[in-house]
Amino acid sequence: MKLKGIQKEVDLWIKQFKLGYFKPLEILARLMEEVGELAREINHQFGPKKKKVFEKDNNLGDEIADIIFTLACLANSLGIDLEKAFKRVINKYNQRDTDRWERKIKERTGRKNK
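All of the points below concern the structure found in this document. Along each chain, numbering runs from 1 in the same order as the chain's sequence is written. It should be noted that, the model being predicted, local features are given only for residues of pLDDT at least 70 and side-chain atom pairs only at 80 or more, the latter also being counted only at that level, while totals for whole chains, interfaces and linings use all residues. Side-chain metrics in this entry use all non-hydrogen atoms of the structure; hydrogen atoms and water are not considered.

Quick word on the environment of Glu41
Heads up, the rule is: Here a strand is any run of E in DSSP of at least two residues, a helix any run of H or I of at least four, and the numbering for each starts at the N terminus. To sort residues, take the accessible area from a 1.4 Å probe on protein chains only and compare it with the maximum for the residue type: under 20% means buried, over 50% means exposed, and anything in between is partly exposed. Residues are treated as being in contact if the distance between any of their heavy atoms lies within 4.5 Å.
Take Glu41: it is sitting in helix α2 (residues 24-46). For Glu41, a relative accessible area of 1% corresponds to the buried category. Expressed as a C-alpha distance, the spacing of Glu41 and Leu60, which sit 19 residues apart in the sequence, is 7.1 Å. Discounting residues that sit within four places of it in the chain, Glu41 has contacts with Lys51, Asp57, Asn58 and Leu60.

Structure (structure tokens):
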């Protein structure tokens with residue numbers, strides 16, 4: 001699914017409720033909660049802090065999807081087209097970081113790795 005589709009699906013889901021979108025700061029707080037849940041799960045699975053025996057493992061994909069959902073809520077509430085914004089950002093990275101790291105294969109321009 002493209003970002004535009006994600007934003008539309010989130011918007012349809014939100015619009016079924018009278019409350020609608022939360023205020024941007026409230027959505028940001030929710031986003032931080034979701035990022036914290038992802039961080040906690042990664043720490044449990046890959047870091048030194050192991051879960052208690054009664055705690056279940058959470059699906060990392062689901063935790064990341066919660067973040068995407070919340071980011072779509074924030075973007076929608078602010079009238080931001082995530083596809084357009086992402087295209088601008090990826091262009092920025094492609095220009096700024098083009099020679100920052102050693103590449104695995106030849107670049108599209110035909111230049112060889114240094």
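Considerations on a negative patch on the surface
Under the convention used in this document: Like charges are joined within 9 Å and nonpolar side chains (Val, Leu, Ile, Met, Phe, Trp, Tyr) within 5 Å, but only among residues with over 30% relative accessible area and no salt bridge; these make up the patches. The Shrake-Rupley method, run with a 1.4 Å probe sphere, supplies the accessible areas, and residue values consider only the shown protein chains as cover. By salt bridge we mean one thing: a side-chain nitrogen of Lys or Arg within 4 Å of a carboxyl oxygen of Asp or Glu. Within this scheme the basic residues Lys and Arg register as positive and the acidic residues Asp and Glu register as negative, but His and the chain ends are omitted. To locate a charge, take atom NZ for lysine, CZ for arginine, CG for aspartate or CD for glutamate.
There is a patch of like negative charges on the surface, built from Glu33, Glu37, Asp62 and Asp66. Only α2 and α3 (60-78) provide two or more residues apiece to the negative patch. Take Asp66: it is sitting in helix α3. In this structure Asp66 comes out as partly exposed when scored by relative accessible area, which is 32%.

Observations concerning the nonpolar core
Soluble globular proteins: nonpolar side chains tend toward being buried together. For clarity, the threshold we go by: Here, nonpolar core means buried Ala, Val, Leu, Ile, Met, Phe, Trp, Tyr and Cys residues that are tied together by side-chain atoms lying within 4.5 Å of each other.
Counting residues in hydrophobic clusters, the biggest one holds six residues: Val10, Ile14, Ile27, Ala72, Cys73 and Leu74. Among the secondary structure elements, those contributing two or more residues to this core are α1 (3-14) and α3. Of the residues forming this core, the biggest block, three residues, is contributed by α3. When residues no more than four places from it in sequence are discounted, the contact partners of Ile14 are Gly20, Tyr21, Phe69 and Cys73.

As for α2
What counts is decided by this rule: To estimate how far a helix should reach, multiply one less than its number of residues by 1.5 Å.
Helix length check: α2, at 23 residues, gives a terminal C-alpha distance of 32 Å against a target of 33 Å (1.5 Å per residue), a fit within 8%. Buried within α2 are the following residues: Ile27, Leu31, Glu34, Leu38, Glu41 and His44. On its buried face, α2 is in contact with α3.

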